[in-house]
There are 2 protein chains.
Amino acid sequence: MLCVVGIGAGNREGMTFAAHQAIERSELIVGYTKYVELVRELFPDKQFASTGMRQERERVEFALREAADKTVALVCSGDPQLYGMAGLAYELSEGFPDVGIEVVSGVTAAFSGGAVLGSPLTHDFAVISLSDLLTPAEKIRRRLECAAECDMVIVLYNPSSKSRADYLQKACDIVLKHRSGATVCGYVRNIGRDGQESRVLTLSELRDTAVDMFTTVYIGNSETKVIDGKMVTPRGYRNV
Amino acid sequence: MLCVVGIGAGNREGMTFAAHQAIERSELIVGYTKYVELVRELFPDKQFASTGMRQERERVEFALREAADKTVALVCSGDPQLYGMAGLAYELSEGFPDVGIEVVSGVTAAFSGGAVLGSPLTHDFAVISLSDLLTPAEKIRRRLECAAECDMVIVLYNPSSKSRADYLQKACDIVLKHRSGATVCGYVRNIGRDGQESRVLTLSELRDTAVDMFTTVYIGNSETKVIDGKMVTPRGYRNV
């Protein structure tokens, strides 16, 4: 049995009871080194196996193999679907027909970070990853274009990395074709962890801000405003 | 102090530790009748106040007023930002300058329902509510059009109601202009509650299916497939 578990932002408070239980009843916990460290603090007596970044396929195959005769928890940050391991576990499960898979959802960074900023995600929104490692850059640009055009709040995952230092700037330039430079934006770094930082700023300011890969970025819709320092999207487009 | 708390799908397992703690330390718990009933089962000794549907403004004002001299939890299903009360709490807080607001995020239906179906939300996606109560219908249509055009997975909230029986059909017709009728779709009704039901089906079939307001609907992207009965969106557009 393989349980693909979302642990939320990484502290115990952000984890669901179901996630905690799934890890508790597992004999082996598998994950990316960084997340395994977070979980090990909560379950010091468990058996762990960790693999580095970009070794997703190896990690999931290992977890599936181990799950043939024991209960294995494959831990992911946030929710295990979104840019996580749940989809890959199903894809690779065709080689492991006897292993059952269960997905335990978690609070993804869009929401845990949104709560830090205020309430940016009150209304329709789109989540787009700026990483072009597994997605053609043209497809990402098209999605930014479409989401900007129809006035949805936009959440950007993986906004930057060493080899993609100017991706956030390019993304903002696409959005700026459809939205004012005064559009309310925000970002949160290290959500729910030591060194959490957040900032509310305009789209023009965001364009010229450097963020790292541990940051989640929010671009408001035409109605998003700043209330007492918080980023707040109203519930609807009519007065309530 | 007002704590706007997301309780997830409605059972204890889907709640985060932070949400549980926030309710535990509150002196009064306020919410829509249905969600207050769910929370009352977990905290039978607490004091509760509930209001009916569409009384959001009254509910939030009441909670802010009470929060002037006690700790109040305003509970929402799923996450308190998304179509919830967090945004309204900030908007109305301008009349209650002494009341502090904290938002405690929760697992929204898109993710808890997605875990039931498999892993539809592995990649970029858009969440759109079909309710035109607070949003002009033209804006909703435009968003469906844009999200369909750029091949994002689409999650529909509030897909139907008595007065909007054909809204899902109309939404599917918009998406069908850009995606094949064979596109993998799914829906989940009563997520995490008694009577939970789910189905994986094609976009053509979804178009002719009646769903109710307790249902969350998923429209896959061009890569979404069915694996052993589950709805699975691959991690990327390149082979991993």
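Residues numbered from 1 in each chain as written. Chains lettered and ligands numbered in written order. Predicted model: local features only at pLDDT ≥ 70, side-chain atom pairs only at ≥ 80, totals over all residues. Heavy atoms only, no water.

Undergrad: Give me the lowdown on the overall build of chain A, citing residues and values where you can.
TA: A tally of regular secondary structure across chain A gives eight helices and 13 strands. With respect to the principal axes defined by its C-alpha atoms, chain A has extents near 55 × 35 × 35 Å. Once local pairs closer than 6 in sequence are excluded, the contacts in chain A between residues at least 24 apart make up 68%. As presented, chain A carries roughly 9200 Å² of accessible surface, and 45% of it is formed by carbon and sulfur atoms. Of the side chains in chain A, 27 bear a positive and 31 a negative charge, and the two mean positions are spaced by 4 Å. (Helix = DSSP H or I, 4+ residues; strand = E, 2+ residues; numbered from the N terminus. Contact = heavy atoms within 4.5 Å. Areas by Shrake-Rupley, 256 points an atom, 1.4 Å probe, with all protein chains shown as cover. Lys, Arg positive; Asp, Glu negative; His and termini not counted. Charge placed at Lys NZ, Arg CZ, Asp CG, Glu CD.)

Undergrad: Help me get a handle on the sheet that holds strand 10 (residues 197-202) of chain B, residues and values and all.
TA: An order of 10(A)-9(A)-11(A)-8(A)-7(A)-7(B)-8(B)-11(B)-9(B)-10(B) is seen for the 10 strands of this open sheet, with the pairing classed as mixed. Every interior strand has two partners, whereas the edge strands, strand 10 (197-202) of chain A together with strand 10 of chain B, have only one. Strand-to-strand twist of the sheet, defined as the mean angle between neighbouring strand axes without regard to direction, takes the value 15 degrees. Taken together, the five bridges between strand 9 (residues 184-189) of chain A and strand 11 (residues 215-219) of chain A define a ladder with antiparallel strand orientation. (Pairing = 2+ DSSP bridges. Axes fitted to C-alpha atoms, helices over the stretch in contact; angles between N-to-C directions.)

Undergrad: Any details on the relation of the copies chain A and chain B? Residues and values, ideally.
TA: Note on the copies: chain A fits chain B at an RMSD of 0.0 Å, the axial shift is 0.0 Å, and the rotation between them is 180 degrees. What the superposition gives is, in effect, a two-fold axis relating one chain to the other. In this assembly, 100% of the residues forming the interface of chain A have copies in chain B that are likewise at the interface, indicating an isologous arrangement. (Least-squares fit on C-alpha atoms with pLDDT ≥ 70 in both.)

Undergrad: Got a sec to walk through the interface of chain A and chain B? Specific residues and values, please.
TA: Contacts between chain A and chain B engage 71 residues on the former and 71 residues on the latter. Counting the contacts that link chain A with chain B gives 10 salt bridges. Residues D151(B) and K139(A) are paired through a salt bridge, measuring 3.0 Å at the closest nitrogen-oxygen approach. The pairing of strand 7 (residues 125-129) of chain A with strand 7 (residues 125-129) of chain B spans three bridges and is antiparallel. Note that in strand 7 of chain B the partner of V127(A) across the bridge is F125(B). (Salt bridge = Lys/Arg side-chain N within 4 Å of Asp/Glu carboxyl O.)

Undergrad: Give a detailed account of the side chain of R143(A), specifying residues and quantitative values.
TA: Relative to the helices and strands, R143(A) resides in helix 6 (residues 137-149). A relative accessible area of 0% means that R143(A) is categorised as buried. A polar contact of 2.7 Å, which involves the side chain of R143(A), links it to the backbone oxygen of D151(B). (Buried < 20%, exposed > 50% of the residue type's maximum accessible area, 1.4 Å probe, protein only. Polar contact = N/O pair within 3.5 Å; in protein donor to acceptor, adjacent residues only side chain to side chain.)

Undergrad: So, the environment of G84(A): which residues are in play, and what are the values?
TA: Mapped onto the secondary structure, G84(A) falls in the loop between strand 4 (72-76) and helix 4 (86-92). G84(A) sits 64 residues away from A148(A) along the chain, and the two C-alpha atoms are 25 Å apart. Discounting chain neighbours no more than four positions away, the residues touching G84(A) are T122(B) and R235(B).

Undergrad: Which residues make up helix 2 (residues 33-42) of chain B, and what values go with them?
TA: Residue and element names in this part refer to chain B. Of all the residues in helix 2, the buried ones are Y35, V36, L38 and V39. One face of helix 2 carries all of its buried residues, which in axial projection span an arc of 160 degrees. Buried residues along helix 2 sit against helix 1 (17-24), strand 2 (28-32), strand 3 (47-51) and strand 4 (72-76). (Arc of directions from axis to C-beta.)

Undergrad: How would you sum up the packing of helix 6 of chain A against helix 6 (residues 137-149) of chain B? Please name residues and give values.
TA: Running from N to C, helix 6 of chain A and helix 6 of chain B point in directions that differ by 180 degrees, and their axes come no closer than 9 Å. If you check the angle between helix 6 of chain A and helix 6 of chain B, you find them roughly antiparallel. Residue-level contacts link R142(A), C146(A) and E149(A) of helix 6 of chain A to R142(B), C146(B) and E149(B) of helix 6 of chain B. Of the residues assigned to the contact of helix 6 of chain A with helix 6 of chain B, the class counts are two nonpolar, no polar and four charged. (Parallel < 35°, antiparallel > 145°, perpendicular 65-115°, else oblique. Nonpolar A, V, L, I, M, F, W, Y, C, P; charged D, E, K, R; others polar.)

Undergrad: Account for the pattern of salt bridges, with residues named and values stated.
TA: Within the structure shown, the criterion is met by 32 salt bridges over all chains. Taking the shortest distance from any N to any O, the salt bridge between R207(A) and D208(A) comes out at 2.7 Å. R207(A) gets classed as partly exposed once you look at its relative accessible area, which sits at 26%. We classify D208(A) as exposed; its relative accessible area is 55%. Residues K177(B) and E145(B) are paired through a salt bridge, measuring 3.1 Å at the closest nitrogen-oxygen approach. Placement of the pair is K177(B) in the loop between helix 7 (167-176) and strand 9 (184-189) and E145(B) in helix 6, with a sequence separation of 32 residues.

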